Amino acid sequence: MISLPYYSLNNFLASKSTNLGFPNFPSPLPLNFRRNLTSSSTELAPIKANEASRMSSLKINSNDSDESSGLIRHEVSVNGRRSENIVWHKCSVEKSDRQELLKQKGCVVWITGLSGSGKSTIACALTRGLHSRGKLTYVLDGDNVRHGLNSDLTFQPEDRVENIRRIGEVAKLFSDAGVICIASVISPYRKDRDACRAKLPEGDFIEVFMDMPLCVCEARDPKGLYKLARAGKIKGFTGVDDPYEPPLNSEIVIQQEGDVCPPPEVMAEKVISYLDAKGYLEA
């Protein structure tokens with residue numbers, strides 16, 4: 001820890017800061033202060049040098065760049081709310097490094113379908129199957145996420161959009177970490193699913209459509225929600241009085257075989273085979 005004597009604290013409060021926000025102390029500094037400062041910060045010098053090297057590579061000729069520091073500044077708009085003057089900080093450890101460490105490639109397996117179509121069931125079977133192969137996964141279940149991250153959201157249309165946006169952003173972070181992220185969520189609107197796909201590199205969003213007939217899902221009704229919706233006790237329920245827009249070009253479609261639904265392990269194996277064929281199960 002750097003020990004600041006009374007002299008340096010007074011001068012810190014009175015000093016003007018540099019362009020980077022560091023205090024500009026008068027010179028020369030007392031010997032004991034120089035000793036405290038240098039003895040505690042010798043290991044930081046190489047890191048600072050590396051950071052300076054990486055940040056210099058980010059400097060561009062743009063109206064959005066800060067010429068004094070070489071940083072690229074962005075303006076982000078989400079649902080009409082803007083975040084200005086934010087800076088993306090690039091780190092020396094990147095996605096490829098994390099993937100090499102995990103011996104797999106990060107991606108998002110997005111399982112969509114009606115309530116009762118088997119999304120959570122196949123998600124759990126899939127994560128279990130991949131875990132047995134030594135692969136790191138994480139499941140973002142639609143109901144589970146609403147217990148925490150999205151607990152402030154309702155089921156009104158605008159909140160449903162925000163619900164999917166947040167899940168998509170978290171899934172993207174998991175993918176960037178090198179994890180195979182399995183998102184199990186109704187996500188009824190095609191536009192919202194496509195927006196999540198657009199956040200990821202080409203091929204890293206794998207859409208799995210649980211193409212089960214409404215009558216089958218309603219007959220299962222594992223949570224009793226269809227019964228409540230039919231009784232008018234739940235408004236805006238997907239498949240009853242709110243639409244579900246099926247995917248048009250899913251990477252994987254899971255359907256019944258005649259009148260029989262395949263076992264969870266069989267459905268999960270279909271996804272695992274796809275991931276293996278596309279190279280996601282190796283670095």
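Residues numbered from 1 in each chain as written. Predicted model: local features only at pLDDT ≥ 70, side-chain atom pairs only at ≥ 80, totals over all residues. Heavy atoms only, no water.

Enquirer: Explanation requested: the overall build of the protein chain in the structure shown.
Expert: When its secondary structure is counted, the protein chain shows eleven helices and eight strands. About 17000 Å² of surface is accessible on the protein chain, with carbon and sulfur atoms providing 55% of the total. (Helix = DSSP H or I, 4+ residues; strand = E, 2+ residues; numbered from the N terminus. Areas by Shrake-Rupley, 256 points an atom, 1.4 Å probe, with all protein chains shown as cover.)

Enquirer: Would you explain unusual backbone geometry in this entry?
Expert: One can expect most non-glycine residues to show negative phi and most peptide bonds to be in trans. Although it is not a glycine, N85 sits at a positive phi angle of roughly 60°. Relative to the helices and strands, N85 resides in strand β3 (residues 81–87). Its identity as a non-glycine residue notwithstanding, D221 has a phi of 35°, on the positive side. Here D221 shows up in the loop between α9 (214–220) and α10 (225–230).

Enquirer: How should the sheet that holds strand β6 (residues 180–184) be read in this particular structure?
Expert: Ordered in space as β5-β6-β4-β7-β8, the five strands form an open sheet in which the pairing is parallel. On the outer flanks of this sheet lie β5 (137–141) and β8 (252–254), each paired with one strand and no other. On average, each strand axis in the sheet is tilted by 20° relative to the strand beside it, whichever way the strands run. By the bridge criterion, three bridges tie strand β7 (residues 205–210) to β8 in an arrangement that is parallel. Directly across from V208, in β8, lies its bridge partner I252. Helix-sheet contacts for helix α7 (residues 157–176) involve β4 (107–112), β5 and β6, and the interaxial angle to β4 is about 145°. Across the sheet, helix α11 (residues 264–277) touches β4, β6, β7 and β8, and the angle it forms with β8 is around 170°. (Pairing = 2+ DSSP bridges. Axes fitted to C-alpha atoms, helices over the stretch in contact; angles between N-to-C directions. Contact = heavy atoms within 4.5 Å.)

Enquirer: Just checking my understanding: could you explain the confidence of the model for the protein chain for this structure?
Expert: When pLDDT drops low, the exact placement of atoms in the prediction is not to be read closely. Looking at the protein chain as a whole, the pLDDT averages 82, with 72% of positions reaching at least 70. Contacts for the low-pLDDT stretch residues 3–10, under 50 throughout, to residues beyond four places or in other chains number ten contacts. Confidence drops under a pLDDT of 50 for residues 17–22, and excluding neighbours within four residues, the segment shows eight contacts in the predicted structure. (pLDDT = per-residue confidence, 0-100.)

Enquirer: I tried to follow the layout of surface pockets on my own but got confused; where do I start?
Expert: Over the atoms, a rolled probe matching the size of one water molecule traces out where space is still vacant. Its boundaries defined by the atoms lining it, the largest pocket holds a volume of some 610 Å³. Lining the largest pocket are 29 residues, and of these S115, K119, D143, I186 and K223 sit closest to its centre. When residues of the lining of the largest pocket are traced back to their parent elements, those giving at least two are α5 (119–132), α6 (142–145) and α7. Its residues assigned to classes, the lining of the largest pocket shows nine nonpolar, twelve polar and eight charged. (1 Å grid on protein atoms, 1.4 Å probe; cavity = no way out; pocket = protein on both sides within 12 Å on 5 of 7 lines; lining within 4 Å. Points joined across faces, edges and corners; volume = space filled by probe spheres on them. Nonpolar A, V, L, I, M, F, W, Y, C, P; charged D, E, K, R; others polar.)

Enquirer: What is the right way to read the pattern of salt bridges from this model?
Expert: It is possible for side chains of opposite charge to pair when their charged atoms get near one another. Applying the stated rule across the entire model yields 16 salt bridges. In this structure, the salt-bridge partner of K90 is E94, at a minimum N-O distance of 2.4 Å. Of the charged contacts, one joins D152 and R166 as a salt bridge, the two residues approaching to 2.9 Å between their closest N and O atoms. With D152 in the loop between α6 and α7 and R166 in helix α7, this pair connects stretches of sequence that are 14 residues apart. (Salt bridge = Lys/Arg side-chain N within 4 Å of Asp/Glu carboxyl O.)

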